[in-house]
Amino acid sequence: MNDHELHRVVQYVTASTSYGRDTVADILRTGLSELSALATHSATAFERDALLEYVSQWTIKQTGQPEPLVREVLGCAGRWLDEVADELAKQQPELSGLSSHDEGDSGVA
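1. Quick look at the nonpolar core
Alright, step 1. Counting 23 residues, the largest nonpolar core has Val13, Leu28, Leu35, Val73 and Leu74 as its most contacted members.
Alright, step 2. Those elements that provide at least two residues to this core are α1 (3-16), α2 (21-41), α3 (48-63), α4 (67-76) and α5 (78-91).
Alright, step 3. With seven residues, α2 is the single largest residue contributor to this core.
Alright, step 4. Ignoring any residue separated from it by four or fewer positions in sequence, one finds Leu28 in contact with Leu6, Val9, Val10, Val13, Val73, Leu74 and Ala77.

2. Some remarks on α1
Alright, step 1. End to end, α1 covers 20 Å across 14 residues, agreeing with the expected 20 Å (1.5 Å per residue, within 8%).
Alright, step 2. Those residues of α1 not exposed but buried are Leu6, Val9, Val10 and Val13. Along α1, the residues classed as buried sweep out an arc of 100° about the axis, all on the same side. Along α1, the residues that are exposed and aim more than 90 degrees away from the buried face are His4 and Ala15.
Alright, step 3. Between the side-chain oxygen at the start of α1 and the backbone nitrogen of His4 there is a gap of 3.0 Å, and the oxygen is on Asn2.

3. Re the side chain of Thr63
Alright, step 1. Relative to the assigned elements, Thr63 resides in helix α3.
Alright, step 2. Within the structure, Thr63 has its side chain in polar contact with the backbone oxygen of Thr59 (distance 2.7 Å).
Alright, step 3. Of the polar contacts made by the side chain of Thr63, one reaches the backbone nitrogen of Gln65; its length is 3.2 Å.
Alright, step 4. Those residues in contact with Thr63 that lie beyond four places of it in its chain are Asp26, Ile27, Thr30 and Val70.

4. Some points on the pattern of salt bridges
Alright, step 1. If you walk through the whole model with that rule in mind, you get two salt bridges.
Alright, step 2. With a shortest N-O distance of 2.9 Å, Glu53 and Arg71 are connected by a salt bridge. Highlighted residues: Glu53 in helix α3 and Arg71 in helix α4, separated in sequence by 18 residues.
Alright, step 3. Residue classification places Glu53 among the partly exposed positions, given a relative accessible area of 35%.
Alright, step 4. Among the residues examined, Arg71 registers a relative accessible area of 30% and is labelled partly exposed.
Alright, step 5. For Arg71, the salt bridge is made with Glu67, and the minimal N-O distance between the two is 2.7 Å. Here the residue Arg71 and the residue Glu67 both occupy positions in helix α4, the gap between them amounting to four residues, near one helical turn.
Alright, step 6. Owing to a relative accessible area of 38%, Glu67 belongs among the partly exposed residues under this scheme.
Alright, step 7. When salt bridges with common partners are traced through the structure, they connect Glu53, Glu67 and Arg71 into a single cluster.

What counts and how
- Starting afresh in each chain, residues are numbered from 1 along the sequence in its written order.
- This being a predicted model, a pLDDT of at least 70 is required before a residue's local features are given, and a value of 80 or more before pairs of side-chain atoms are given or counted; all residues contribute to the totals for chains, interfaces and linings.
- The basis for every side-chain value is the complete set of heavy atoms in the structure, and neither hydrogens nor water enter the calculation.
- In these notes, a set of buried Ala, Val, Leu, Ile, Met, Phe, Trp, Tyr and Cys residues joined through side-chain atoms within 4.5 Å is what counts as a nonpolar core.
- Relative accessibility decides the category of a residue: with a 1.4 Å probe and only protein chains considered, values under 20% of the type maximum give buried, values over 50% give exposed, and everything between is partly exposed.
- Helix and strand assignments follow DSSP, with helices taken as H or I runs no shorter than four residues and strands as E runs no shorter than two, numbered in order from the N terminus.
- Working rule for contacts: check all heavy atoms of both residues, and any pair within 4.5 Å makes them a contact.
- Every helix has an expected span of 1.5 Å times one less than the residues it contains.
- Starting at the helix axis, one direction is taken to each C-beta atom, and the arc is that of these directions.
- Distance and chemistry together define a polar contact, namely a pair of N or O atoms within 3.5 Å, with one atom able to donate a hydrogen and the other to accept it when in protein, and with adjacent residues in sequence counting only for side-chain atoms on both sides.
- Think of a salt bridge as a Lys or Arg side-chain nitrogen and an Asp or Glu carboxyl oxygen that are within 4 Å of each other.

As structure tokens, then:
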């Protein structure tokens, strides 16, 4: 995700919630960077719900923001989180378990 796309997501989430732009941007940058790092360094396949839970908990700890706020922001940005996970899975097919879709061909039992 490039800066322009991140800016668009931040604008969308800020307009959809009652949270300030800086808070939303910090949460999204933190969550998306951990998602990218996880996809780059992990060989473990995750289902969408487990991945979202992990990224939520990581973001809560890293930003110090309250859980309801982080969950709302990441939930509102869920479409983009799914796109990032799908794109990373395409770039690294061996990590296709990070995809938001269960296609059954990831080779993970």
